[in-house]
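Spelled out from the first residue to the last, the chains are:
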Amino acid sequence: MKVLSCIVMGFLACVQSAAAEERVALIVGNSQYATVAALDNAGNDARLMSQSLEAVGFRVTLVEDATQIELKRAIAQFGRDLRNSGSDTVGLFYYAGHGVQSFGSNYLLPVDASLSDAADLDLVAFDASAVLRQMASARNKTNIVILDACRNNPFENIADLNDNGLAEMKAPTGTYLAYATAPGAVALDGSGGNSPFTSALARSITVEGLAIEQVFKDVRVSVIEQTGGAQTPWDTSSLTQDFFFKPKPNLTPDQLTEIQLWNSVRLTEDPVQILLYLRAYPGGMFEAEARQMLSTALRDEMGEDQPVPRAAAPSAPKPAPAPDIEMELMEVARASGSKADYEAYLDAYPDGIFAEMVRIEIAALEEKELAALSIVEPEPERDEPVTAQESNVPLPVFFDQPMPEGIEEILGKTIMQAAAGNPLFSPIEGLPPEAWQTKVCSDCHQWTRDDLCAQANTYVAQSETRALDKMHPYGGSFKRNLKTWAQGGCQ
């Protein structure tokens, strides 16, 4: 078998736990200004951010084209929402629109801002530091402020207001500040439907497992590339704990076991190993990938250098089917899962490329017909106590009453209670213990009362032959109880 040249995934090492945290966001997009130049994309950017943040669990309030009064009310309500949500809440404020700096302070412009003298700026605009004060009052551990607000200076002709961009603000403890461009520089509104900064940010925050620092680093790289170096996003942080917009999900122990098994299986193109995974985890996390890999492995094994398969028997001089027919037979059997289809393959190709795998599958299907798994290792010797006098005549067994004899794992349990337990032995040679020890027997069989009765009657019909001799997930004593139950009419 060929060996894949891939590296084992380090998936388990980088699993991040998603915190059970409240997420609250205020998104403001101001486009349609009354007395200064309109911004084509600010509203689009606010809506895009709103959708992206909702997708990663934020409770979003979206405000568009806000007047000064509307902006103040929205930020005041945002502060109340944070204070009412608890210390573990993550607060996020995003602003797209005009913004200016004066004497080292940054101001966000409402759409009704009108200014003729720099001294009136704090009367008609909103001081961005007020947002930080609202966040600080909530005493929550993580806050994020994102300003896409330095696209140009709408008041550049006013004396004392000719500084470009925004000033860098100090980040209170537990705060992440992000700017669309470096302090004092101008950001681009964008020629498309969104600004370069916000379009890159919306993509990055939905990437699973990225810490916030990596998110904005990726945004910076993207914006520099898109703008030919004309714009460099900037950020500053005083965060005290990790934050992920989209954490990797928590995994159950069973999922972790499945990942470990799949990591070992995917190192090879061995169809048998892939098939064992599919049998152990029907509908598993990697089922689609496993089936695709199995199909590829089957086709690879049917290369031009393969010998022509021999006929079913020397005494039956019939021409061997062409290799492509062998492949078709195998694909049909694999898709249907039918014992008859697998046997049809063996009839045509008793020594075919997939014969060993097919025999394994047929053996498993035969056990399904008996609703009992076989094991390849001998059953350990153990005492099997009986609860009544030693006798060659078995005690009666009833469906809804405790079984009167058997190993301790079944003694005193009803038939259905035993069916809900865990197997003691591996169903398939070579299958890792973690792939079957935590399973439930009834997951592998349709163990309804009628099905169990049908299974038990096969033991009556076959007496002490192969059906009773073969081992069972609970050992032979469980089969003997089923046989006695069937002899009594499955009562």
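Higher on the page you've got the structure.
This text gives an overview of the structure that appears in the document. (Residues numbered from 1 in each chain as written. Predicted model: local features only at pLDDT ≥ 70, side-chain atom pairs only at ≥ 80, totals over all residues. Heavy atoms only, no water.)

1. Remarks on the overall build of the protein
Test applied: Labels follow the DSSP assignment, with helices taken as runs of H or I lasting at least four residues and strands as runs of E lasting at least two, numbered in each case from the N terminus. What makes two residues a contact is simply this: any of their non-hydrogen atoms within 4.5 Å.
Counting its regular elements, the protein contains 17 helices and 9 strands. Counted over contacts in the protein with a minimum sequence separation of 6, partners at least 24 positions apart contribute 69%.

2. Side note on the sheet that holds strand S4 (residues 99-102)
The test is simple: A pair of strands is treated as paired once DSSP finds two or more bridges between them.
With antiparallel pairing, 3 strands are arranged side by side in an open sheet as S4-S5-S6. This sheet does not close on itself; its edge strands, each paired only once, are S4 and strand S6 (126-127). The pairing of S4 with strand S5 (residues 105-108) spans 4 bridges and is classified as antiparallel. Residue pairing for S5: Val100 is matched across the bridge by Tyr107.

3. Considerations on the sheet that holds strand S1 (residues 23-29)
Formally: Geometry is summarised by axes, namely lines fitted to C-alpha atoms with helices restricted to the contacting stretch, and by angles between N-to-C directions that run from 0 to 180 degrees.
Strand order in the open sheet formed by 6 strands is S2-S1-S3-S7-S8-S9, with mixed pairing between adjacent strands. Only two strands of the sheet have a single neighbouring strand rather than two, namely strand S2 (59-64) and strand S9 (234-237). If you compare each strand with its neighbour and ignore which way they point, the axes differ by 10° on average. In terms of strand pairing, S1 meets strand S3 (residues 90-96) through 7 bridges, oriented parallel. Among the inter-strand pairings, Val28 is bridged to a residue of S3, identified as Tyr95. Strand contacts of helix H2 (residues 68-85): S1, S2, S3 and strand S7 (142-148), with the helix running at about 170° to S1, the strand carrying the most contacts.

4. Examining helix H7 (residues 253-265)
Because an α-helix packs 3.6 residues into every turn, residues spaced three or four apart end up facing the same way. Our working rule: How far a helix is expected to stretch is found by multiplying one less than its residue total by 1.5 Å. Buried, partly exposed and exposed residues are distinguished by accessible area as a fraction of the type maximum, computed with a 1.4 Å probe on protein chains only: under 20%, between the cut-offs, and over 50%, respectively.
The terminal C-alpha atoms of H7, which comprises 13 residues, lie 19 Å apart, in line with the 18 Å expected from a rise of 1.5 Å per residue. Among all positions in H7, only Thr257, Glu258, Ile259, Leu261, Trp262, Asn263 and Val265 are buried.

5. As for the environment of Lys72
Tracing the sequence through the fold places Lys72 in helix H2. When the C-alpha atoms of Lys72 and Ala130 are compared, they prove to be 9.5 Å apart, with 58 residues separating the residues in sequence.

6. A look at unusual backbone geometry
Positive phi is not limited to glycine here, since Asp65 has a value of about 50°. Position of Asp65 relative to the elements: it lies in the loop between S2 and H2. Residue Asp65 is classed as partly exposed on the basis of its relative accessible area, which comes to 29%. Of note, the phi angle at Cys490 is positive, near 55°, even though the residue is not glycine. Looking at the secondary structure, you find Cys490 in the segment after helix H17 (476-487). Cys490 sits in the buried class, given a relative accessible area of 10%.

7. Side note on the packing of H2 against helix H4 (residues 129-138)
Just so we agree on the cut-off: An angle counts as roughly parallel when it lies under 35 degrees, as roughly antiparallel when it exceeds 145, as roughly perpendicular when it falls between 65 and 115, and as oblique in every other case. We call a crossing left-handed when the near helix sits turned anticlockwise from the far one by less than a right angle, and right-handed when that turn is clockwise. Amino acids outside the nonpolar list (Ala, Val, Leu, Ile, Met, Phe, Trp, Tyr, Cys, Pro) and the charged list (Asp, Glu, Lys, Arg) are all regarded as polar, and Gly is one of them.
Their axes nearest at 8 Å, the elements H2 and H4 cross at an angle of 20°. Taken together, the axes of H2 and H4 lie roughly parallel to each other. Every pair of crossing elements has a handedness; the one defined by H2 and H4 is right-handed. Here H2 contributes Ile75, Ala76, Phe78, Gly79, Leu82 and Arg83 to the contact with H4, which in turn contributes Val131, Gln134, Met135, Ser137 and Ala138. Residue classes in the contact of H2 with H4 are distributed as 7 nonpolar, 3 polar and 1 charged.

8. Comments concerning the state of the cysteines
As a reminder, the rule being used: A pair of cysteine sulfur atoms is labelled a disulfide when the two atoms are within 2.5 Å.
One pass over the structure, following the stated rule, counts 1 disulfide. Between the sulfur atoms of Cys453 and its disulfide partner Cys490 the distance amounts to 2.1 Å. Handedness here is read from the sign of the S-S torsion; for Cys453 and Cys490, about 90°, the answer is right-handed. Taken together, the residues Cys453 in helix H15 (residues 449-462) and Cys490 in the segment after H17 connect sequence positions 37 residues apart.

9. Some remarks on the nonpolar core
Let me state the cut-off plainly: What we call a nonpolar core is a set of buried Ala, Val, Leu, Ile, Met, Phe, Trp, Tyr and Cys residues that are connected through their side-chain atoms within 4.5 Å.
Ranked by internal contacts, the top residues of the largest apolar core, which has 72 residues, are Leu53, Phe58, Leu92, Phe93, Leu147, Phe216 and Phe245. No other element matches S3, which puts 6 residues into this core. Residues within four places of Leu147 in sequence aside, it is in contact with Phe93, Tyr95, Leu108, Leu166, Met169, Ala178, Tyr179 and Ala180. In terms of nonpolar packing, the next biggest core, distinct from the first, is built from 30 residues, Phe286, Met327, Leu346 and Tyr349 among them.

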